[in-house]
Structure formats: structure tokens, C-alpha cells
Amino acid sequence: MKVIIIGCTHAGTAAAINTSKLYKDAKITVYERNDTISFLSCGIALYVGGVIKDVKGLFYSSPEHLKSLGVDTKMQHEVLDVDFDKKEVRVKDIKTGEEFTDSYDKLIITTGSWPILPKIEGFNLKNILLSKNYYHANDIIEKVKEVQNVVVVGAGYIGVELVEAFREKGKNVTLIDTQERILSKYLDKEFTDIAEEEIKKHDINLALSQTVVRFEGEDGKVKRVITDKGEYDADVVIVCVGFKPSTEMFKGKLNMLSNGAIIVDEYMRTSREDVFAAGDCAAVWYNPTKSYEYIPLATNAVRMGTLAARNLVDRSIKWRGTQGTSGIKIYDYNIASTGLIEEIAKQKGLNIQSVTIEDNYRPEFMPTYEKAKLKVVYESDTGRILGSQILSKHDLTPLMNTMSVFIQNEMTIEDLAFTDFFFQPHFNKPWNLLNIAGLNAI
Ligand SMILES: Cc1cc2nc3c(=O)[nH]c(=O)nc-3n(C[C@H](O)[C@H](O)[C@H](O)COP(=O)(O)OP(=O)(O)OC[C@H]3O[C@@H](n4cnc5c(N)ncnc54)[C@H](O)[C@@H]3O)c2cc1C
């Protein structure tokens, strides 16, 4: 069996490793256009902020590692096109310029995503940078070294992590977003209020509810960011306003969402036979709304890549869907969320209720304790849990993994009130915070 994998970051690496383990006779070829594989972008802000000293730690595989598993990894090889009828891929060796055709029995598409490039005047000025891969990370570090004013456009996870890193390096930092709140897709206002307060306390300039209209420069380099409400000095600008799937070459050939995310079934099969897709190039089944959504996360990518391999020959293990569970640390606050937030659930017209509790995470007789804020969003009619958020200076983020299980298994707010959780004063109270949220709601 000849297997070709296109792209080798998280989904591709997971697909390659698992395919090699499961099908000993398979001839596996990976085509990757970069000269690195398996880069953990989630470490970019920590690398920029100087927390990660040795960048090698941000890679967990290599062509040599894959070779030891019997996988032939062709680096700096770009797949230009796929002929699904002939089961052939057209490949370009980037170093030599040579083009050739290769054939497959099974194809796994793991081409990932690329940052959305907004159409803004002046976007081509120097020092306007992206934050997606290893090269971007090095570029950011290099360009920011000598300058003072850094502007980040986009207050999602990546933007928020970056502004903290730049501030730690002593830069003047501005974070701009069209939305009126940071992290507005992941957290409701009562959580982002606290996070924003913390960010402002560290002298980061929050420029929310405003849209960038123009970048201005001098000598070809960016100098100012102009929004519909103000002007900000900028020696370096990082644009991180979201991602789009890298699937242009499959348009019209595979079923996709309107943004180009490839639709796969629960076995990671696309609309063409023997063609699988996984990771940021694909749409995911989102359990809270029971619909296909675009949620580019490494957690989804590794699970999907693994399942593509598992289901390559026979349908063996199903995708359980995702809740888009994610976490972030903002200074001393540990924050996580899973599923739908109240604001978005309401925008979608869902009939929902929510419960928010604030309590110390462990008994007040202990020498120390910290406040925690927990919110649960659930369907009014059925009590089915749709989402949850937590924030505390104590790390309670794993509770959102528990909530993710509740959502995935369609459990209710009543289940939450009476599920058995342990109690031990070091860790919690007799009624676990999750139980308390459930009890307050029923
Ligand atoms: C700054 C940052 C922080 C993040 N933090 C987190 C986090 O904390 N937690 C989390 O879960 N997720 C996080 N993510 C998201 C996560 O990195 C992505 O979801 C993940 O990288 C997706 O993996 P992938 O393999 O599907 O796609 P990608 O990482 O996009 O990789 C696709 C690969 O395919 C290659 N490729 C594409 N087209 C071709 C072609 N035609 N021929 C050959 N090769 C090709 C590319 O070069 C690339 O190596 C973060 C992302 C960024 C940018």
C-alpha cells in the first residue's frame, strides 16, 4: 500500500507515525514544503518572551525520526496538485525546481492553515509580521530586538499571549481588535473584564472596538497603525486575525465549508475515495451545536491525524467530535474554556441558561486559598451542557477538561450537580466547584 501524506506539522506527523506503526508493509512518503517538521507554534509566545531558551524543544519529531520508523520524508517538496481520478500528486522539489508525479493508494491531506491576511493599505510594509511557524517566530524575535513600539492586531489567544511576551521584554505594546472584548470567542464578558484589567495593569495599551484602516511607513518600514479611532506608533506589527485552511488546490474537487475547510466524516474520509484529511485544513464536528465548524487547534489536529491513520484501511475508530477546549495564562490568571460561551450561544439563537459561581477553591481554614470564577452554559429545555469557562489564580484549568467530557457525552446540569468528585482539603471543598455550579442551576 502506497501512502502519501501532504504536510507534516501536527496532523501530518501524527498520521505518519501511526501509519508506520499500524501498516508494516506500507510505503509511506511525506511531502513537506518547509525544512522543519512538527513545530509547536503554541510555544512561539514563550520563545519570544524568553521563557523557552532552546528552540529545539519546540520540535518533537524530525525527518530522521520518521526515517527510523520507515517513513520517507521529502523536505522542501511542495505538492502542487492532486489528480484524484488517477490517484497522483504533482510535486515540486523547491531546492532544484524539478517537478515530478507520484502515485498513491491512500492519500492523507494535512496541509494545515495560513494566517488570514487582511486587505489593509500598507500591509506590504516591512516589519509587518505573521505568527504561525518557526520562521515567523525567529523573524519576530529578530525584528523586535532593537525596537520599542510593538502593535499586535488581533486579540485572540495568539495576540494576547504575544502582548504579554513583548511587555515582558520591556516594549511599548498596543493590542488592537475590532471586537469590544479580548478573547471574545472563548470567554464571556465577566471573564474578559478581569483579564483586560490585568493586561492594562501591566501597561499594555488595549485599543478595542476599533478597526485598522491603514499602515503608514517611512523608508518602506511600518511606523504607524491607523485605526478608525486612533493612531499608534509601531516599529513592528504582528497581524494575527485568524486562520484559513490551506486548501486552494482542492477547491471544487472536495466537499468543503465556505471558508475552504475540507469536510470529513467521522473516519476522516473526504468526499473522494481513499482520500483522508486531518487538522487545520479540515472542518470538525462540533458537539455543542452538532454542526461542522472551523476550529484550528493542535489538539484537534493530533487526534484527527491519528484517526486518519487508524481508519486508512478499515473503519475502526470514530471521531468523537470536539468542544474546542482551550486554555491560556494571562499573568497570574489561569483561564480555560470549553464549548459555547453564553454570548455566542445567544447569537446563534439557542435557548440557553447559564450559571456563574465564585468561591474559594479550597477551605478557608487552609493557610492559603484563591478565588475561582466558574460559568456553565446549558440548554434551557433539556439541561444539556453546552459550554463552560473558568478563571483563577490557582490552576483549575483541568476542570474544563472534565466539562469537555460532560459536553461530549451530552450530560446535563443535573448530572453535574450530582457527579461524584473527590474531596480533600488540599485540593477542594466537599462540594466540588463543578457540583456547586450544577446545584445552583437546578
Ligand atoms: C502562535 C500559535 C499558537 C498556537 N497555540 C495553540 C495552543 O496553545 N493549543 C492548540 O491546541 N493549538 C494552538 N495553535 C494551533 C495549532 O498550532 C494548529 O492547530 C496546528 O498547527 C495545526 O496543525 P496541522 O498539522 O493541521 O497544520 P499546520 O500546522 O498548518 O501544518 C501544515 C503543514 O503542511 C505543510 N504544507 C501545506 N501545504 C503544503 C503543500 N502543498 N505541500 C507540502 N507541504 C504543505 C506546511 O508547510 C505545514 O508544515 C496555535 C497556533 C499558532 C499559530
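What this report covers is the structure whose coordinates are included nearby. (Residues numbered from 1 in each chain as written. Predicted model: local features only at pLDDT ≥ 70, side-chain atom pairs only at ≥ 80, totals over all residues. Heavy atoms only, no water.)

## Digging into the site of the ligand
No. 1: Neighbouring residues of the ligand: 32 residues in total, closest Thr-9, Glu-32, Lys-132, Asp-280 and Leu-297.
No. 2: One of the backbone nitrogen or oxygen atoms of Ser-113 is found 3.0 Å away from an oxygen atom of the ligand.
No. 3: Contacts to the ligand include Leu-297, whose backbone N or O atom sits 3.3 Å from an oxygen atom. (Near = heavy atom within 4 Å. Polar contact = N/O pair within 3.5 Å; in protein donor to acceptor, adjacent residues only side chain to side chain.)

## A look at the environment of Asn-409
No. 1: Position of Asn-409 relative to the elements: it lies in the loop between α9 (398–408) and α10 (413–418).
No. 2: Spatially, the C-alpha atoms of Asn-409 and Thr-306 are 21 Å apart, while their sequence positions differ by 103 residues. (Helix = DSSP H or I, 4+ residues; strand = E, 2+ residues; numbered from the N terminus.)

## Some words on the side chain of Asp-188
No. 1: Here Asp-188 is to be found in the loop between β11 (172–176) and α6 (189–201).
No. 2: For Asp-188, the residues in contact, after removing those within four places along its chain, are Arg-181, Ile-341, Glu-342, Glu-343, Lys-375 and Gln-389. (Contact = heavy atoms within 4.5 Å.)

## Here's the deal with the pattern of salt bridges
Between side chains of opposite charge, a pair can form as their charged atoms come close.
No. 1: One pass over the structure, following the stated rule, counts 30 salt bridges.
No. 2: Between Glu-248 and Lys-244 there is a salt bridge, with the nearest N and O atoms lying 3.1 Å from each other.
No. 3: According to the relative accessible area criterion, Lys-244 is partly exposed, its value standing at 34%.
No. 4: Asp-359 serves as the salt-bridge partner of Lys-429, at 3.0 Å between the closest nitrogen and oxygen. Taken together, the residues Lys-429 in the loop between α10 and α11 (433–441) and Asp-359 in strand β23 (residues 352–360) connect sequence positions 70 residues apart.
No. 5: By sharing partners, the salt bridges in this structure join Asp-188, Glu-190, Glu-342, Lys-346 and Lys-375 into a single network. (Salt bridge = Lys/Arg side-chain N within 4 Å of Asp/Glu carboxyl O. Buried < 20%, exposed > 50% of the residue type's maximum accessible area, 1.4 Å probe, protein only.)

## Looking at unusual backbone geometry
No. 1: Phi at Gln-76 takes a positive value of approximately 50°, unusual for a residue other than glycine.
No. 2: Relative to the helices and strands, Gln-76 is located in the loop between β3 (71–75) and β4 (77–83).
No. 3: For Met-268, which is not glycine, the phi dihedral falls at a positive 70°.
No. 4: Residue classification places Met-268 among the buried residues on the basis of a relative accessible area of 0%.

## Comments concerning the packing of helix α1 (residues 10–22) against helix α7 (residues 298–310)
No. 1: One can describe the packing of α1 onto α7 by two numbers: an axis separation of 7 Å at closest approach and a directional angle of 30°. Between α1 and α7, the angle is such that the two are roughly parallel. Where α1 crosses over α7, the two elements pack in a sense that is right-handed. Counting all contacts with α1, which are made through His-10, Ala-11, Ala-14, Ala-15, Asn-18, Thr-19 and Leu-22, the residues of α7 involved are Ala-298, Ala-301, Val-302, Gly-305, Thr-306, Ala-309 and Arg-310.
No. 2: Residues of the contact of α1 with α7, tallied by class, amount to eight nonpolar, five polar and one charged. (Axes fitted to C-alpha atoms, helices over the stretch in contact; angles between N-to-C directions. Parallel < 35°, antiparallel > 145°, perpendicular 65-115°, else oblique. Left-handed = near helix turned anticlockwise from the far one by under 90°. Nonpolar A, V, L, I, M, F, W, Y, C, P; charged D, E, K, R; others polar.)

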